[in-house]
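# Per-entry structural report
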Amino acid sequence: MPVNLLAINVGNTRTQFASFVANKIQTPYRVTHSQTDVLRSDLQQALERLADCEDAVIYLSSVNDTAMKRVLAIVAQISALEVFRMERDVPVAVGRRLD
């Protein structure tokens, strides 16, 4: 079954994302958090690649709650796709441990 999704990783200083159409990664993006207009534009471009995919979803992971909320707000304005957040909506198969 082909996978069609937008994967978003919100880090401490930048957001990275890419669309996967029929299991193939499309153009990856890296945008610093201060570039809100660029982020919006690049997210729109990435989402356009999924326009013909009826089963497309968005998966988001984050280590930065403040930046994540901004990314989620932008996504909500430009897309009706469902967003699944890693660890909250999707369990992670590999555990975390700080020793």
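Higher on the page you've got the structure.
Attention here is on the structure that accompanies the text. (Residues numbered from 1 in each chain as written. Predicted model: local features only at pLDDT ≥ 70, side-chain atom pairs only at ≥ 80, totals over all residues. Heavy atoms only, no water.)

### Looking at the side chain of Ser19
Selection rule: Helix numbering and strand numbering both begin at the N terminus, where a helix is a DSSP run of H or I of at least 4 residues and a strand a DSSP run of E of at least 2. Any residue under 20% of the maximum accessible area for its type is buried, any over 50% is exposed, and the rest in between are partly exposed; the area is computed with a 1.4 Å probe on protein chains only. What qualifies as a polar contact is a pair of N or O atoms within 3.5 Å, subject to a donor-acceptor requirement within protein and to the restriction that residues adjacent in sequence count only when both atoms come from side chains. Contacts are assigned to residue pairs with any non-hydrogen atoms lying within 4.5 Å of each other.
By the element assignment, Ser19 lies in strand E2 (residues 14-21). With relative accessibility at 1%, the residue Ser19 sits in the buried group. Engagement of the side chain of Ser19 in a polar contact is seen with the backbone oxygen of Ala46, the distance being 2.5 Å. Aside from chain neighbours lying at most four places away, what touches Ser19 is Leu5, Leu6, Lys24, Ile25, Gln26, Ala46, Leu47, Arg49 and Leu50.

### Looking at the environment of Thr27
Locating Thr27 in the fold gives a position in the loop between strand E3 (24-25) and strand E4 (29-32). Spatially, the C-alpha atoms of Thr27 and Ala93 are 26 Å apart, while their sequence positions differ by 66 residues. With near-sequence residues (within four places) excluded, Thr27 lies in contact with Phe17, Ala18 and Arg49. Polar contacts involving the side chain of Thr27 include one to the side chain of Arg49, which spans 3.1 Å.

### Examining the packing of helix H1 (residues 36-48) against helix H2 (residues 65-78)
Stated precisely, the cut-off is as follows: Interaxial angle, 0 to 180 degrees, is taken between N-to-C directions of lines fitted to C-alpha atoms, where a helix line uses only the stretch in contact. These descriptions rest on fixed angle ranges, namely under 35 degrees for roughly parallel, over 145 for roughly antiparallel, 65 to 115 for roughly perpendicular, and the rest for oblique. By definition, any crossing whose near helix is turned counterclockwise from its far helix by less than a right angle is left-handed, and any crossing with a clockwise turn is right-handed.
In the contact formed by H1 and H2, the axes pass within 10 Å of each other and the chain directions differ by 50°. Compared by their axis directions, H1 and H2 come out oblique. Our pair here, H1 against H2, has a crossing hand that is right-handed. Of the residues in H2, those in contact with Thr36, Leu39, Arg40, Leu43, Gln44 and Leu47 of H1 are Val71, Ile74, Val75, Gln77 and Ile78.

Function cannot be read off these values alone, since they describe shape.
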